[in-house]
Every structure is written in C-alpha cells, then in structure tokens.
Amino acid sequence: MEHKNPDNSNKIKKILTDNTRDIVFGFEDGFVSTLGTITGIAAATYDAYIVILSGAVLILVESVSMAAGSYLSSKSQKEVVGEKIDEKNLLTGAVFMGVSYLTAGSVVILPYLLFRIDLAIAASIILTIISLFLLGAVKGEIIKKPAFRSGLEMLFIAFTAAAIGFFAGQLINYLFTR
C-alpha cells in the first residue's frame, strides 16, 4: 500500500500558491488573446488553415514571451525594492506562466483541428467560456472567495477583452474587403 507523503503534498500546494498569479495570468491571457485573435481571423477568413497556422504561431510565441515577461518583471520588481533575487523562484514562475498560456491557447484552438470552421468557432467559444469560468472558480477557492462569483468575474472581464478582438477582426475585414 502506497502512503502519500504529507510533506510533498504541502510542498506542491505551496509552490502552486506561490505561483497563483503566474498561473491565473497565463491561463486567462492564453484563453482570451488566443480566442480573440483566432475568432477574429476565423470570422474574417473562414479558412481553417489560416486560423490553425495563426493560432499555433500566436500560442508558441506568446507562451515564450509571457514566460520571459514574468521572469523579467518579477526580477525588476525585486531589484527596485532591494529584495534578494531567488533565480529558482523566478524561473518557476516563468515556467508556470508559459505552460499555463500554452495550455489555455491549445484548448482554444483544439476545435479547429476537430471540426469544420463554422462549428469550430462555436465550439471554441463555448469551450473557452467553460474554461474561463472554471479558472475563475478555482481561483476563488484558492483565495477563499465565493467560487461562483469569482468564475463570473473572470468570465465577464475576459470575455469583454475577447469580444474586442472579434469585433476588431470584423471591422478590419469590412474595411479592407470593400
């Protein structure tokens, strides 16, 4: 019979708690920027290849950029206030940021690999709505706030940003295809 080591469980919990900001930020931005970008591109082009290509490039570049940004901004913040810089913690946060972004972006683009474009748009939006609500609810549990309310907050804020991307794609398509 296998016994769980409570010390390992506590270490994992502490690592996740210490990196909540990077995890939530990475997931939220991965969902929102990917959804806004590829939904705008999909609605403007109705070309699955362009959507998948654009989405894959976006996800790969942004996950690395977000990780680098997390590392550099955290390091700068510590330098400004004169705190000791723990490279391992900075790198851990950066990895959480990048992996969270990559994971979320992959969830958003997955329907375009499985369905024809009109169904993929709807499936991607629905999957992202569910994912954002769950992300907010989990965040609420972590910070000891009502999960449902936290889920709705995440959904509202994130979807406002995603809608801007969609409408920008529509406007640009309208302006340049006339």
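Report follows, based on the coordinates. (Residues numbered from 1 in each chain as written. Predicted model: local features only at pLDDT ≥ 70, side-chain atom pairs only at ≥ 80, totals over all residues. Heavy atoms only, no water.)

### Considering the overall build of the protein chain
Right, so step 1: If you tally the helices and strands in the protein chain, you get six helices and zero strands.
Right, so step 2: Reading the secondary structure of the protein chain in the N-to-C direction produces α-α-α-α-α-α.
Right, so step 3: Expressed along its principal axes, the backbone C-alpha trace of the protein chain runs to roughly 60 × 45 × 30 Å.
Right, so step 4: Burial statistics for the protein chain: of 178 residues in total, 34% are counted as buried.
Right, so step 5: Summarising the internal contacts of the protein chain: among those between residues at least 6 apart in sequence, 70% fall at separations of at least 24.
Right, so step 6: Taken as a whole, the protein chain presents about 11,000 Å² of accessible surface, with 68% of it coming from carbon and sulfur.
Right, so step 7: Distance between charge centres in the protein chain, computed from 15 positive and 15 negative side chains, equals 5 Å. (Helix = DSSP H or I, 4+ residues; strand = E, 2+ residues; numbered from the N terminus. Buried < 20%, exposed > 50% of the residue type's maximum accessible area, 1.4 Å probe, protein only. Contact = heavy atoms within 4.5 Å. Areas by Shrake-Rupley, 256 points an atom, 1.4 Å probe, with all protein chains shown as cover. Lys, Arg positive; Asp, Glu negative; His and termini not counted. Charge placed at Lys NZ, Arg CZ, Asp CG, Glu CD.)

### Observations concerning the packing of helix α5 (residues 117-142) against helix α6 (residues 147-176)
Right, so step 1: Where α5 contacts α6, the axes come no closer than 7 Å and their chain directions differ by 135°. Put simply, α5 runs oblique to α6. When you trace α5 past α6, the crossing you get is right-handed. Contacts from Ile125, Thr128, Ile129, Leu132, Phe133, Leu135, Gly136, Ala137, Lys139, Gly140 and Glu141 of α5 reach α6 at Ala147, Phe148, Ser150, Gly151, Leu152, Glu153, Met154, Leu155, Ala158 and Phe159.
Right, so step 2: A class-by-class count of the residues in the contact of α5 with α6 yields 13 nonpolar, five polar and three charged. (Axes fitted to C-alpha atoms, helices over the stretch in contact; angles between N-to-C directions. Parallel < 35°, antiparallel > 145°, perpendicular 65-115°, else oblique. Left-handed = near helix turned anticlockwise from the far one by under 90°. Nonpolar A, V, L, I, M, F, W, Y, C, P; charged D, E, K, R; others polar.)

### Describing the pattern of salt bridges
Right, so step 1: Using the criterion set out here, one finds six salt bridges in the structure.
Right, so step 2: Note that Lys14 and Asp18 form a salt bridge whose closest N and O atoms lie 2.8 Å from each other. Linking Lys14 with Asp18, this pair stays in helix α1 (residues 6-18), spanning four residues, or about one helical turn.
Right, so step 3: The partner of Lys78 in a salt bridge is Glu83, and the shortest N-O contact between them spans 3.0 Å.
Right, so step 4: Since its relative accessible area comes to 25%, Lys78 is described here as partly exposed. (Salt bridge = Lys/Arg side-chain N within 4 Å of Asp/Glu carboxyl O.)

### With respect to the nonpolar core
Right, so step 1: Among the nonpolar cores identified, the biggest contains 21 residues, and Phe31, Ile38, Ala42, Val51, Tyr112, Ile117 and Leu132 are the most heavily contacted of them.
Right, so step 2: Secondary structure elements with two or more residues in this core: α2 (20-45), α3 (48-81), α4 (87-114), α5 and α6.
Right, so step 3: When residues in this core are grouped by element, the largest group, six residues, is from α2.
Right, so step 4: In this structure Ile38 touches Val51, Gly55, Val108, Ile109, Tyr112 and Ser124, once residues within four positions along its chain are discounted. (Core = buried A, V, L, I, M, F, W, Y, C linked by side-chain atoms within 4.5 Å.)

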